[in-house]
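A structural walkthrough
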Amino acid sequence: MPSKTDYFSSHWPSVVRELSCELLRQVAAGEPLATTFYPAISRVLADFRPGAIAIVRQRGMDWGLEPAFAAASDFRIAAVPEVVISSALEAQFIGHDSGWVAAAIASKDRAPSVLVVQLPRAAVDQVDALRPLMIGLSELAAMLLQIAGDQAARAAEIQRLTTMLEIAATWQQQRDWSELLESMAEAATQLLDAQRASIFLWDRRRSLLVGRPAMGVEGGQLEVDDSAGIVGAVLGSGTAKRWDASDSESEVNRKPDAQLQFQTTSLVAVPLNNRNGKRMGVFEVINKRDGRFTDQDEQVLKELAVHAAAAIENSQERERLAQNCDKLALAVAENVQVIGESPAIVTLRKTSDRVAKTDLSVLILGENGTGKEVLARSIHLSGARRHEPFIAVNCAAIVETLLESELFGHEKGAFTDAHEARAGKFEIANGGTLFLDEIGDMSLSGQAKLLRALEEKVIVRVGGFTPITTDVRVLAATNQPLAELVRQKRFREDLFFRLNVVTLKLPPLRERGDDILLLAQHFLEDFAHKQGHRVPTLSAAAARALRSHLWPGNIRELRNLIERVSYLCTSDVIQPSDLSFSQSPSEQSDAQRLANKSLNEATRQFQIQHIQSAIQRAGRNMTEAAAMLGLHRSNLYRKMKQLDLETIDD
């Protein structure tokens, strides 16, 4: 079957066939015809000495230049008699005594077009000779315009798909819910050349469609009944729908127009479905700027809605995960807290809560077993970094030769046992919190490397050369007097001030009064829950025994004691006989300390120690301390004066 090109070329003049071959080769080579088409026609018509040449196309009620080919800058369409164009459309070809000749360009898919050529007056008599050339050139122009239109459509489709993918990728990266919906609306209005767009999400429980963005509405969202108007019809049917002013007015819900002080003249709406095919809402675009919405506009919006639904679903999933993470972090934070109601602990807790909201470095001081790591975890879980890692490093447990590798990582082959590359604690904790315990036991060389990492926020792995940026909040802890170590040149002064932005001091357990009983009860409940047993109670005598113990091992010692009691005690009531206190290996017995003292001196020192211990355990409440010692308050004051002890007012 002969092609369209074969049909044309069979009756074209030879010069037109030659021109068609030349121009088609140019098209095949990817060369543009925009600037070469009219000069080529001028060569074909050279014998007739043509002047202005152009293709004019109907645009509404007017005529304008065909944009596919660049006409001469001096061409004026007003110079072409209107009768030349209209007559050419009716008769295919016309020659006019004004010097213009014209040939109609046939096309089913395009607006009417005409090839017009201006001839000198002397050539008007040669119009009949021009007829086959002009008709052949007009048919060649029709074929080339069809090719150009197909190419433009393919280019537009490629551009549209590229734009669609870019938009979808941008949506997947957006985290802010309002910005995501506004971005979707903006993309739809640009792609469909419309005035406004809204994403209506279905609130099933309230039977409402909630549309955003909605300019002019308080809160930026519009609520409509889920069965009202075009969007309600699309939601119910699951099929796209277009409307313009020529359609039934009853289909449109005019309430939003009144609320927004806006006039809807045309719209297209498509359903939003989730990945399981269930309805999520409706994507609506309003008021095409030029004419009415087309089939292609509807298809574009359908494709856009697929990407929009995926981005909305992913955003909702991220929001649910973030909420769950927050709930989990809060639940963990409730279990990782500094327990106690003594004045020192209440003050400490208030300060740590304020510090947790910042990124300040914190130095935590306290004896072994006072809960320094628990406090550090509590600060981490109460701050903005709670969803990021909390990495604890015991500086005293790492030998100096491995400290740098442990903190900063190493590359493969950096030393004998480095069989593979390994990230250090700074990298692992990136974005979160690094807890450096027993910082006072770190060597001076290790301190220098740590200071450099804290100051520059950049590390380099051992054996590597690439700087690695880190964002880490540092909490440090020690049981040693760092200020004294600085004076002794055993701790770097610059590192001390770098770490000591905020100092929190945990008091020893022996100074926390009834906190001992609160902690004991907490541990009893915890271990009972783990064993599936009833929570035992402390007898009054056992409570007094716990209060009177000096707790050299602090909270760690108390926890171990309660764990032992929980597993070994067979009664529901804990008696003093169930409590087996452990003596610190470094602690001398009273008898050992006083062995070389006279009876009077040993008695005096024992009384001083016993009274001081009671005052500390009572939280410096003299009335309570006197009761613990079996004395009246006035007698306790009198005894303290005898022993040259400073008295304390309640």
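Residues numbered from 1 in each chain as written. Predicted model: local features only at pLDDT ≥ 70, side-chain atom pairs only at ≥ 80, totals over all residues. Heavy atoms only, no water.

Structural notes on the overall build of the protein
The number of helices and strands found in the protein is 23 helices and 22 strands. Across the 650 residues of the protein, 43% fall into the buried class. (Helix = DSSP H or I, 4+ residues; strand = E, 2+ residues; numbered from the N terminus. Buried < 20%, exposed > 50% of the residue type's maximum accessible area, 1.4 Å probe, protein only.)

Points about the sheet that holds strand S3 (residues 93–95)
Here 5 strands make up an open sheet; going across it, the order is S2-S1-S5-S4-S3 and the pairing antiparallel. Two strands close off the open sheet at either side, each with one partner strand: strand S2 (62–65) and S3. Within the sheet, the average angular offset between the axes of one strand and its neighbour, ignoring direction, is 25°. As defined by bridge partners, strand S1 (residues 53–59) adjoins S2 across 4 bridges and the pair is classed as antiparallel. Looking at the pairing, arginine 57 lines up with glycine 64 of S2. Relative to S1, helix H3 (residues 37–44) is tilted by about 125°, and along the sheet it contacts S1 and strand S5 (113–118). Those strands touched by helix H4 (residues 82–91) are S1, S2, S3, strand S4 (100–105) and S5, and its axis lies near 45° from that of S4. (Pairing = 2+ DSSP bridges. Axes fitted to C-alpha atoms, helices over the stretch in contact; angles between N-to-C directions. Contact = heavy atoms within 4.5 Å.)

Some words on the environment of leucine 181
If you trace the backbone, leucine 181 turns up in helix H6 (residues 177–192). Relative accessible area serves as the criterion here: at 2%, leucine 181 is assigned to the buried category. C-alpha of leucine 181 to C-alpha of alanine 308: the two residues are 127 residues apart in sequence and 8.7 Å apart in space. Every residue in contact with leucine 181, bar those within four places of it in the chain, is listed here: Ile199, Arg212, Pro213 and Ile312.

Observations concerning the pattern of salt bridges
Using the criterion set out here, one finds 30 salt bridges in the structure. A salt bridge links arginine 385 to aspartate 359; its shortest N-O distance comes to 2.9 Å. Separated by 26 residues along the polypeptide, arginine 385 in the loop between helix H11 (372–382) and strand S13 (390–394) and aspartate 359 in the loop between helix H10 (343–356) and strand S12 (362–365) bring together distant segments of the chain. Classification of arginine 385 by relative accessible area gives buried; the value is 11%. The partner of aspartate 471 in a salt bridge is arginine 385, with the nearest N and O atoms 2.8 Å apart. Placement of the pair is aspartate 471 in the loop between strand S18 (468–469) and strand S19 (473–478) and arginine 385 in the loop between H11 and S13, with a sequence separation of 86 residues. Salt bridges linked by common partners bring Arg242, Asp295, Glu298 and Lys302 together as one network. (Salt bridge = Lys/Arg side-chain N within 4 Å of Asp/Glu carboxyl O.)

Let's talk about the packing of aromatic side chains
The tally for this structure, following the rule as stated, stands at 6 aromatic pairs. Taken together, a centroid distance of 5.5 Å and an interplanar angle of 35° make the contact between phenylalanine 408 and phenylalanine 426 tilted. Of this pair, phenylalanine 408 sits in helix H12 (residues 400–408) while phenylalanine 426 sits in helix H13 (residues 425–428), and the two are 18 residues apart along the sequence. A relative accessible area of 5% places phenylalanine 408 in the buried class. Taken together, a centroid distance of 5.3 Å and an interplanar angle of 70° make the contact between phenylalanine 496 and phenylalanine 497 edge-to-face. An aromatic cluster is defined as three or more aromatic residues linked by ring pairs; in this entry it consists of Phe37, Tyr38 and Phe69. (Phe/Tyr/Trp six-rings, centres within 6.5 Å; stacked < 30°, edge-to-face > 60°.)

Side note on the sheet that holds S12
A sheet is described by the order of its strands in space; here 5 strands give the open sequence S13-S16-S19-S12-S20, paired in parallel fashion. Edge strands, defined here as strands with exactly one partner in the open sheet, are S13 and strand S20 (502–505). Each strand axis lies, on average, 20° off the axis of its neighbour in the sheet, ignoring direction. With 4 bridges connecting them, S12 and S20 associate as parallel partners. Looking at S20, one finds that leucine 363 is bridged to threonine 503.

Remarks on the environment of phenylalanine 93
Tracing the sequence through the fold places phenylalanine 93 in strand S3. Separated by 45 residues in the primary sequence, phenylalanine 93 and serine 138 have C-alpha atoms spaced 9.5 Å apart. Ignoring sequence-local partners within four residues, the contact set of phenylalanine 93 consists of Ala88, Val101, Ala102, Ala103, Val127, Leu130, Arg131, Met134 and Ile135.

Some words on H3
Phe37, Tyr38, Ala40, Ile41 and Val44 are the residues of H3 that are buried. Along the long axis of H3, the arc covered by the buried residues comes to 155°, so they all point the same way. (Arc of directions from axis to C-beta.)

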